[in-house]
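Summary of the model geometry
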Amino acid sequence: MTAVLTRRPGLSRLTARSGRSPLHLACLALVGTVVLAALLAPWLAPHDPNAVDLGAALAGPSADHPLGADTAGRDTLSRLLLGARTSLLGPLGVVAFSTLAGVAVGTAAAWRGGWLDSVLSRATELVFAFPGMLLAILVVSVYGEGLLAPVVALGVAYLPYVSRLTRSLVLAERARPYVSAYQVQGHSALQICLRHVLPNIAPVVLAQSTINFGYALMDLAGLSFLGLGVPPLTPDWGRMVFDGQTAVQHGYPLSAVLPCLLVVLTVVAFNVVGERWADRVARRDR
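These remarks concern the structure in this document. (Residues numbered from 1 in each chain as written. Predicted model: local features only at pLDDT ≥ 70, side-chain atom pairs only at ≥ 80, totals over all residues. Heavy atoms only, no water.)

Here's the deal with the overall build of the protein chain
- Helices and strands together make up the secondary structure of the protein chain, namely 11 helices and 0 strands.
- Overall, the protein chain shows an N-to-C arrangement of helices and strands of α-α-α-α-α-α-α-α-α-α-α.
- Oriented by its inertia axes, the alpha-carbon framework of the protein chain measures out at about 80 × 45 × 25 Å.
- Across the 286 residues of the protein chain, 45% fall into the buried class.
- Partitioning the contacts of the protein chain with sequence separation of at least 6, the portion at a separation of at least 24 is 73%.
- Summed over its atoms, the accessible surface of the protein chain is roughly 14000 Å², and 67% of this surface lies on carbon and sulfur atoms.
- Between the averaged position of the 21 positive side-chain charges in the protein chain and that of its 15 negative side-chain charges there is a distance of 19 Å. (Helix = DSSP H or I, 4+ residues; strand = E, 2+ residues; numbered from the N terminus. Buried < 20%, exposed > 50% of the residue type's maximum accessible area, 1.4 Å probe, protein only. Contact = heavy atoms within 4.5 Å. Areas by Shrake-Rupley, 256 points an atom, 1.4 Å probe, with all protein chains shown as cover. Lys, Arg positive; Asp, Glu negative; His and termini not counted. Charge placed at Lys NZ, Arg CZ, Asp CG, Glu CD.)

Structure below.
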């Protein structure tokens, strides 16, 4: 007996057919530009992002400082470029942790059912009811400044979003004929899930993870703005907004407005891309 596996559209087809909207194309271009800038930041930055030059403090745009300098005379462009690394690395850690753990929890709950499903579902509902930012603030207050503590805290807070979605998708996949066919052939639950079920639901989960990435970026930037994120000398968009408050009070808003604008635009871009992927998957499943 040979089982026939019908897969949902892969990400390559999904992206190729969803790129007709000008807004979607613009958001994809922005995401690509930000990621490329983060990767090439050490070679693109014209200055050391932490080099203090009090003579250039609050300097406006010039040939030496294209986007001006902050209150300590540090080059704004260099800090924006290097800050992209930290600003994207944190959300990447949140999404990686929450996606891997959420998929594992949701798959186990849906496949095993019974008491395990009840326990895991109630546990994720408890986490879901606890605000992620509050959990991150509590963790940071215990472990101090740094990127690891808020990343883990937000990863736990975002886990229920992925696990609940995964559970519903796996329940739907398990009812399909190909799963029964593989079970009859003697395939284990682990083999069926890893080789067939998870690849089938991957586009939907990745679409949700893309949306979560934008929200995680916003949450981590908010923590840095409150002075609870990365250490003071670390280039980071949220930290730059925090450090730029003094400059705004003196009538030099550029060093605070630019990172704030980048956070907003990047969050919107990731959300638009993720929602478009999710919308395309939903239309093909109807």
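Let's pick the thread back up.
Structural notes on the packing of helix H2 (residues 22–44) against helix H3 (residues 76–112)
- For the pair H2 and H3, interaxial distance at closest approach is 7 Å and the crossing angle is 130°. Taken together, H2 and H3 sit at an angle that is classed as oblique. Between H2 and H3 lies a crossing whose hand is left-handed. Within the contact between the two elements, H2 uses Val34, Val35, Ala37, Ala38, Leu39, Ala41, Pro42, Trp43 and Leu44 and H3 uses Leu81, Leu82, Ala84, Arg85 and Leu88. (Axes fitted to C-alpha atoms, helices over the stretch in contact; angles between N-to-C directions. Parallel < 35°, antiparallel > 145°, perpendicular 65-115°, else oblique. Left-handed = near helix turned anticlockwise from the far one by under 90°.)

Some thoughts on H3
- In this model H3 runs 53 Å from its N-terminal to its C-terminal C-alpha over 37 residues, within 8% of the 54 Å that 1.5 Å per residue would give.
- Along H3, the sharpest change in direction is near 30° and occurs at Gly83.
- With its phi angle positive at about 65°, Gly113 sits one or two positions after the end of H3. (Expected span 1.5 Å × (residues − 1). Bend = angle between axes of the 7 residues up to and from the residue.)

Section: the pattern of salt bridges
- Applying the stated criterion across every chain, the model contains 6 salt bridges.
- Two residues, Asp70 and Arg74, come together in a salt bridge whose shortest N-O distance is 2.8 Å. Here Asp70 and Arg74 have matching classes, each one buried.
- The partner of Glu173 in a salt bridge is Arg176, and the shortest N-O contact between them spans 3.1 Å.
- According to the relative accessible area criterion, Glu173 is buried, its value standing at 1%.
- One continuous salt-bridge network, built from bridges that share partners, spans Asp70, Arg74, Arg239 and Asp243. (Salt bridge = Lys/Arg side-chain N within 4 Å of Asp/Glu carboxyl O.)

Description of the nonpolar core
- By size, the foremost hydrophobic cluster in this structure holds 22 residues, and its most contacted members are Cys27, Leu80, Leu88, Phe213, Leu217, Trp237 and Val263.
- If you list the elements that add at least two residues to this core, you get H2, H3, helix H8 (189–225), helix H9 (237–243) and helix H11 (254–284).
- When residues of this core are assigned to their parent elements, the largest contribution, 8 residues, is made by H11.
- Not counting residues within four places of it along the chain, the set of residues in contact with Phe213 comprises Leu88, Pro91, Leu92, Val95 and Phe270.
- Counting 15 residues, the second largest nonpolar core, distinct from the first, contains Val103, Trp111, Tyr178 and Tyr182. (Core = buried A, V, L, I, M, F, W, Y, C linked by side-chain atoms within 4.5 Å.)

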